[in-house]
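Given next are the chains, with one letter for each unit.
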Amino acid sequence: MPRGADRRNTAHNIFLKFHRHTAKSMKDLAIEEESEDEDQEFESTPQAEPNSPFEMFHHVMKTGVIYASSRAAKHGFSMLSEDWANMGQGAPETGPLPGAPTRDFHMNIQDAELEYAPTTGDTELRVKVAEYYNHLYRQDKKSKYTYENVCIVPGGRAGLTRVMAALGNIQVGYFTPDYTAYQQALGLFMRISPSPVLHRNVHEALLPSEDFAFEAGGRGLGAMLLSNPANPTGQSLEGDELDAYVKIARDLNCCLLMDEFYSHYYYDGENVSPEDGGADDDSNWPKTVSSAKYIDDVNEDPVVIVNGLTKNWRCPGFRVCWLVAPKPIVEMLGSAGSFLDGGANAPLQKLALPLMDLDFIRRDTWALQRHFKMKRDFLLTELPKIGITVKWEPTATFYIWADLSALPAPINDCLCFLEECVKHNVICVPGVFFDINPREIRHLKQSKCINFVRFSYGPPMRNLTKGVEEMGKMISYWRKNQMTSSDYARTSM
């Protein structure tokens, strides 16, 4: 294609960019050969947005959810439309749940709350967050969290950005697949060197602690970033294995950066819910998991926990989250907030206080687990019926890591699958976005996630029933009309 010729849209360039490294998954190289000049032009100007006159800005890749939503928008998607099945959404439904306690969101903002909040957060809320961790995970521990171990931040990604800004000249390990926004967080600050930690056995959902010790010690990792339970696989480090991870971090002086945003979404607890006859008091809590349980000294063990109201409390719009860490680290995180984000919303921190009452949390989590387990079980039953395999049955989160390998070409390719989904008013997130590669430090000939997508059962049930129905129709069509991903890209993008 001549350099001055009319080029395809940015989404197709992104499509080509991914498939430049995944050609083997398409069984031929036609797409790369045909688009060589076009793709080279896109790659040769990394400092500028394609077709943009603003060369002083570099090209900022979309995260997976935003990419999927933008492709859906081309076909008329709106967050307000009930004609769409949004199974890409990385947030839970926010309305009332059956059996959950009521939430009062009426506000009376005092004059003092119009001032900036401290960059470490409202002290009253920090106290309640510390009490939450002490009550659930540290009742038998001498060392307890105080408000000085808590930093309130305006969202989880803002919290992670503060952490990355405060880290020194170290290697930071990460897994793949993992949360898509880690790619930007790990690549933003040049003091840190991202270091992928690989599973020796690719069929394992979780890295055994002895392998983690080998990797962290051998690489000399200064920190390790991971989601637990894991996004997108829904798997969880817990019990002896999580205890071992914390001990390894302590012994190696490697800071564990624990993203625990889904720590209330567990479906395999042993306690009986009050609706099924279990005690309805503080003696009977639903299963939750946190690395806080295995920390010896809260001011010495190198563990930073990231959590907040976004997922576990189903209030993503609040943008009120927190970091729990040793006191000296919290002081540094507060300093980072002074030049990064300026602190969390002051009135909403006050509005969050009743949500941190322990009895509210207990009752709300029971209702949450019952409701989301019902949605999970629906997908686990229905997806195999239309030919989609579940790689690992999720014990936590509200995601399913789905394997498309058994589907006909081209929809066994996650990017082609999304393109066809949005034509049927269905959204999912292509797996390649979870194969995180900050600063493109890994030379990838083939993404191991090209045949995977992430389905979310965070949205209301109607999204799931409609999504499965429409995907079934789409898959039936392509069983009769197969073509290579290369041909599909040429004719459909």
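The structure displayed is predicted, hence computed values, not measured ones. (Residues numbered from 1 in each chain as written. Predicted model: local features only at pLDDT ≥ 70, side-chain atom pairs only at ≥ 80, totals over all residues. Heavy atoms only, no water.)

1. Notes on the pattern of salt bridges
Here's step 1: Within the structure shown, the criterion is met by 26 salt bridges.
Here's step 2: Two residues, D296 and R250, come together in a salt bridge whose shortest N-O distance is 3.6 Å. Taken together, the residues span a long stretch of sequence, with D296 in the loop between strand 6 (255-259) and strand 7 (303-308) and R250 in helix 9 (residues 239-252) at a distance of 46 residues.
Here's step 3: Exposure remark for R250: the relative accessible area of 26% places this residue in the partly exposed category.
Here's step 4: Between R370 and E275 there is a salt bridge; the shortest N-O distance is 3.4 Å. Placement of the pair is R370 in helix 12 (residues 358-382) and E275 in the loop between strand 6 and strand 7, with a sequence separation of 95 residues.
Here's step 5: Judged by its relative accessible area of 36%, R370 is partly exposed.
Here's step 6: You can call E275 exposed: its relative accessible area is 54%.
Here's step 7: Overlapping salt bridges bring together D280, D359, R362 and R363 as one network. (Salt bridge = Lys/Arg side-chain N within 4 Å of Asp/Glu carboxyl O. Helix = DSSP H or I, 4+ residues; strand = E, 2+ residues; numbered from the N terminus. Buried < 20%, exposed > 50% of the residue type's maximum accessible area, 1.4 Å probe, protein only.)

2. With respect to unusual backbone geometry
Only a minority of non-glycine residues have a phi that is not negative, and only a minority of peptide bonds are not trans.
Here's step 1: In this structure, the amide linkage connecting N228 to the following residue, P229, adopts the cis form with an omega of 0°.
Here's step 2: Among the structural elements, P229 can be located in the loop between strand 5 (223-227) and helix 9.
Here's step 3: Between A409 and P410 the backbone carries a cis peptide bond, its omega angle lying at 10°.
Here's step 4: Mapping P410 onto the fold places it in the loop between strand 10 (399-403) and helix 13 (414-423).
Here's step 5: Phi is positive for T397, close to 65°, though the residue is something other than glycine.
Here's step 6: Tracing the sequence through the fold places T397 in the loop between strand 9 (389-390) and strand 10.

3. A short note on the sheet that holds strand 4 (residues 193-196)
In sheet architecture, strand pairing relies on hydrogen bonds along the backbone and comes in two forms, parallel and antiparallel.
Here's step 1: Strand order in this open sheet of seven strands is 2-8-7-6-5-3-4, and the pairing throughout is mixed. Single-partner strands in this sheet number two, and they are strand 2 (150-153) and strand 4. Across this sheet, the average inter-strand angle for adjacent strands is 20°, counted without regard to direction.
Here's step 2: Of the strand pairs in this sheet, strand 3 (residues 171-174) and strand 4 are connected by four bridges, and their pairing is parallel. Note that in strand 4 the partner of V172 across the bridge is P194. (Pairing = 2+ DSSP bridges. Axes fitted to C-alpha atoms, helices over the stretch in contact; angles between N-to-C directions.)

4. Concerning the pairing of strand 7
Here's step 1: Here strand 7 lies mainly inside the structure; six of its six residues are buried.
Here's step 2: Of the two faces of strand 7, the one lined by V303, I305 and N307 and the one lined by V304, V306 and G308 are each fully buried.
Here's step 3: Strand direction decides the pairing type here: strand 6 and strand 7, joined by four bridges, are parallel. Each bridged residue has a counterpart across the sheet, and for D259 the counterpart in strand 7 is V306.

In short, shape yes, function no, at least from these values alone.
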